[in-house]
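Examination of the molecular architecture
Chain by chain, the residues run as shown.
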Amino acid sequence: MNTITAQELKAKKDNNEDFQLIDVREDYEFDDFNIGGINIPMDTLFSVADKIEKNKAVIFCCKTGKRSKAVTMAASKKLNLTNIYSLTGGVMGYKEEIGS
């Protein structure tokens, strides 16, 4: 499974790299604090899989990294995606290391 650190994600953002960031937390969690991207809650992700941009790197994030790891593993199997990553430490780790 591919992972990405907060520092690596920040570098991608700073370099304006073309990737898709998907936050798999619930709507209320995303509304409280997010690091950008789009919000597709974990339990609805595969019913709206057409929103996943398969032609670029996709980075999944959640609060601590557990849900995004599960989604990354499932997406690699169910959707046959290879260019996908889970944000290590989630948005809380990103907030600690990088800020808002």
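Up top is the structure.
Here's what I pulled together on the structure shown here. (Residues numbered from 1 in each chain as written. Predicted model: local features only at pLDDT ≥ 70, side-chain atom pairs only at ≥ 80, totals over all residues. Heavy atoms only, no water.)

Attention shifts here to helix α3 (residues 66–78). For α3, which comprises 13 residues, the first-to-last C-alpha distance of 18 Å matches the rise-based estimate of 18 Å (1.5 Å per residue) to within 8%. S68, V71, T72 and A75 are the residues of α3 that are buried. Around the axis of α3, the buried residues are gathered within 105° of arc, so they sit on the same side. Residues of α3 that are exposed and point more than 90 degrees away from the buried face comprise K66, K77 and K78. On its buried side, α3 packs onto β4 (57–61) and β5 (84–87). Positive phi appears at N80, one or two residues downstream of α3, with a value of about 55°. (Helix = DSSP H or I, 4+ residues; strand = E, 2+ residues; numbered from the N terminus. Expected span 1.5 Å × (residues − 1). Buried < 20%, exposed > 50% of the residue type's maximum accessible area, 1.4 Å probe, protein only. Arc of directions from axis to C-beta. Contact = heavy atoms within 4.5 Å.)

Attention now moves to the pattern of salt bridges. Applying the stated criterion to the full structure yields 6 salt bridges. Its salt-bridge partner being K56, residue E53 comes within 2.8 Å of it at the nearest N-O pair. When salt bridges with common partners are traced through the structure, they connect D18, E53 and K56 into a single cluster. (Salt bridge = Lys/Arg side-chain N within 4 Å of Asp/Glu carboxyl O.)

To continue, consider the nonpolar core. Of all hydrophobic cores here, the largest spans 13 residues; its most connected members are L9, L21, I35, I59 and L87. Elements supplying a minimum of two residues to this core: α1 (6–14), β2 (19–23), β4 and α4 (90–97). Sorting elements by how many residues they give to this core places β4 first, with 3 residues. Setting aside chain neighbours within four positions, we find I59 in contact with I4, L9, K12, F19, Q20, L21, I22, Y85 and L87. Judged by nonpolar contacts, the second largest core, of 12 residues, contains I22, F60, V71 and I84. (Core = buried A, V, L, I, M, F, W, Y, C linked by side-chain atoms within 4.5 Å.)

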